[in-house]
Amino acid sequence: MSIKRQKYLRLTLTYLVILAMFAIIIYPLLWIVGSSFNPGQSLSGSSIIPENATLAHYKELFDTNQSAYLYWYWNSLKVSVLTMLFTVILVSLTAYSFSRYRFIGRKNSLMTFLILQMIPNFAALIAIFILALLTGLLDTHLGLILVYVGGAIPMNTWLMKGYLDTIPKELDESAKMDGAGHLRIFFQIVMPLATPIIAVVALFAFIAPFGDFILARILLRTEEKYTLAVGLYDMVAKQFGAEFTTFAAGAVLIAVPIAILFLSFQKYFVSGLTAGGTKG
């Protein structure tokens, strides 16, 4: 077999694999979008391309007399945005400390963070529930935010520290010679250069709580405080009258803020991840 034919064969196989993966990913998405426009509430008669498309399910979601969807949406946005802000602030300070300073217990602390990031939050559901109960944070958004922020710190600290290690320390030393303090160096020199990794951490910190179900289901008890994942599950888990097509419409709208945030941070995403993973 000639070299030209081998290259052609490899290229063909590559495109076939890409097309297969694209089909696997896009097929369920098309079903969800198509189901959201199908009349009725059952999925048995739904199709990807509905014959009698309707916006009734979307109208029902925005009707506060019929659905609490807007309240759930607002709760999810509030929890996700606050989690993102607190995570970025705490992770930036923590990662900067580990990257620029040498102190007793530094290596052990980094190793602890490495171990903690291997343990998902839901592995400690009982402990989290009891802690929230004892502190009076059960059925509160504050308790949920604190759990999300605490769970996001270990992994994102390692990610941001790796990026900050790539920023030359000579910049810090030059600023110190000019009389700059630690906070000024942090805010005016290091953080502007770390914009790509900050965008990555912000995106991760927003997406995780926005789509989380398990922790929110454990901690939130009243319907008015539900987030989207819990509210939509409650919509289809009813014993009678499960609203599957309305659920599909609600699921489609979940992607809107995530897509907007991803497109806004897209130019930073690749550089933040690659640079953060090159040096530990």
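Residues numbered from 1 in each chain as written. Predicted model: local features only at pLDDT ≥ 70, side-chain atom pairs only at ≥ 80, totals over all residues. Heavy atoms only, no water.

K.L.:
When you look at the overall build of the protein in this model, what are you seeing that I'm missing?
P.N.:
Helix and strand counts for the protein stand at twelve helices and zero strands. Ordering the α and β elements of the protein from the N terminus gives α-α-α-α-α-α-α-α-α-α-α-α. For 280 residues, the compact-globule estimate of 2.2 N^0.38 gives 19 Å, and the protein exceeds it by more than 25% at 23 Å. Put simply, 72% of the contacts in the protein that link residues at least 6 apart link residues at least 24 apart. Counting only carbon and sulfur atoms, one obtains 70% of the accessible surface of the protein, whose full area is about 16400 Å². Across the protein, the centroid of the 20 positively charged side chains sits 15 Å from that of the 14 negatively charged ones. (Helix = DSSP H or I, 4+ residues; strand = E, 2+ residues; numbered from the N terminus. Rg over C-alpha atoms; globule rule 2.2 N^0.38 Å. Contact = heavy atoms within 4.5 Å. Areas by Shrake-Rupley, 256 points an atom, 1.4 Å probe, with all protein chains shown as cover. Lys, Arg positive; Asp, Glu negative; His and termini not counted. Charge placed at Lys NZ, Arg CZ, Asp CG, Glu CD.)

K.L.:
Quick question: what am I supposed to make of a nonpolar patch on the surface here?
P.N.:
There is a patch of nonpolar side chains on the surface, built from Val 81, Leu 82, Leu 85, Phe 86, Ile 89, Leu 90 and Leu 93 and spanning about 550 Å² of accessible area. The exposure class of Phe 86 is partly exposed, given its relative accessible area of 41%. (Patch = residues over 30% accessible without salt bridge, like charges linked within 9 Å, V, L, I, M, F, W, Y side chains within 5 Å. Salt bridge = Lys/Arg side-chain N within 4 Å of Asp/Glu carboxyl O. Buried < 20%, exposed > 50% of the residue type's maximum accessible area, 1.4 Å probe, protein only.)

K.L.:
Just to check I follow, could you spell out the packing of aromatic side chains for this structure?
P.N.:
Between two aromatic rings, the relevant description is the distance of the centres plus the angle of the planes. Under the criterion given, the structure shown has ten aromatic pairs. Look at Phe 37 and Tyr 58: their rings are 5.4 Å apart centre to centre, the planes differ by 40°, and that puts the pair in the tilted class. Of this pair, Phe 37 sits in the loop between helix H1 (3–36) and helix H2 (56–61) while Tyr 58 is found in helix H2, placing the two residues 21 residues apart along the sequence. For Tyr 58, a relative accessible area of 12% corresponds to the buried category. Cluster of aromatic residues (ring-pair linked, three or more members): Tyr 69, Tyr 73, Phe 206 and Phe 210. (Phe/Tyr/Trp six-rings, centres within 6.5 Å; stacked < 30°, edge-to-face > 60°.)

K.L.:
Is there a simple way to think about the nonpolar core in this case?
P.N.:
Looking at soluble globular proteins, one finds that nonpolar side chains tend to be buried together. By size, the foremost hydrophobic cluster in this structure holds 58 residues, and its most contacted members are Tyr 69, Leu 144, Met 160, Leu 164, Ala 194 and Ile 197. Setting aside residues no more than four positions away along its own chain, Met 160 makes contact with Val 91, Ser 92, Ala 95, Ile 197, Ile 198 and Val 201. (Core = buried A, V, L, I, M, F, W, Y, C linked by side-chain atoms within 4.5 Å.)

K.L.:
What's the story with the environment of Lys 267 in this structure? I'm lost.
P.N.:
Mapped onto the elements, Lys 267 comes out in helix H12 (residues 244–276). It is 8.1 Å that separates the C-alpha atoms of Lys 267 and Pro 196, two residues lying 71 residues apart in sequence.

K.L.:
Help me understand the packing of helix H4 (residues 106–116) against helix H6 (residues 141–164), please; the structure alone is not making it clear to me.
P.N.:
Two measures define how a pair of helices packs: the angle their axes make with one another and the distance between the axes. One can describe the packing of H4 onto H6 by two numbers: an axis separation of 8 Å at closest approach and a directional angle of 120°. By the angle between their directions, the pair H4 and H6 is classed as oblique. For the pair H4 and H6, the crossing hand works out as left-handed. Contacts from Arg 106, Leu 110, Phe 113, Leu 114 and Leu 116 in H4 reach Ile 153, Pro 154, Thr 157, Trp 158 and Lys 161 in H6. For the contact of H4 with H6, a count of residues per class yields seven nonpolar, one polar and two charged. (Axes fitted to C-alpha atoms, helices over the stretch in contact; angles between N-to-C directions. Parallel < 35°, antiparallel > 145°, perpendicular 65-115°, else oblique. Left-handed = near helix turned anticlockwise from the far one by under 90°. Nonpolar A, V, L, I, M, F, W, Y, C, P; charged D, E, K, R; others polar.)

K.L.:
Explain the pattern of salt bridges here, please?
P.N.:
When the charged atoms of two side chains lie near each other, side chains of opposite charge can form a pair. Under the defined criterion, the tally for this structure stands at two salt bridges. The partner of Asp 172 in a salt bridge is Arg 100, with the nearest N and O atoms 2.7 Å apart. Taken together, the residues Asp 172 in helix H7 (residues 170–177) and Arg 100 in helix H3 (residues 69–100) connect sequence positions 72 residues apart. This pair shows no difference in class: Asp 172 is buried, exactly as Arg 100 is. Salt-bridge contacts for Lys 161 lead to Asp 165; the nearest nitrogen and oxygen are separated by 2.8 Å. By relative accessible area, Lys 161 is classed as buried at 4%. Classification of Asp 165 as buried rests on a relative accessible area of 14%.

K.L.:
Even after reading the chapter, I still don't get the packing of H7 against helix H8 (residues 182–193), so can you show me in this structure?
P.N.:
The interhelical angle for the contact between H7 and H8, taken along N-to-C directions, is 145°, at an axis separation of 10 Å. The interaxial crossing formed by H7 with H8 has right-handed handedness. Along its contact with H7, which presents Leu 171, Asp 172, Ala 175 and Lys 176, the element H8 presents His 182, Ile 185, Ile 189, Val 190 and Leu 193. Here the residues of the contact of H7 with H8 are counted per class, giving six nonpolar, one polar and two charged.

K.L.:
Just checking my understanding: could you explain the environment of Met 84 for this structure?
P.N.:
Tracing the backbone shows Met 84 in helix H3. Given the relative accessible area of 12%, Met 84 is considered buried. For the pair formed by Met 84 and Phe 113, sequence separation is 29 residues and the distance between their alpha carbons is 19 Å. Apart from the residues within four sequence positions on either side, Met 84 is in contact with Ala 202, Ala 205, Phe 206 and Leu 261.

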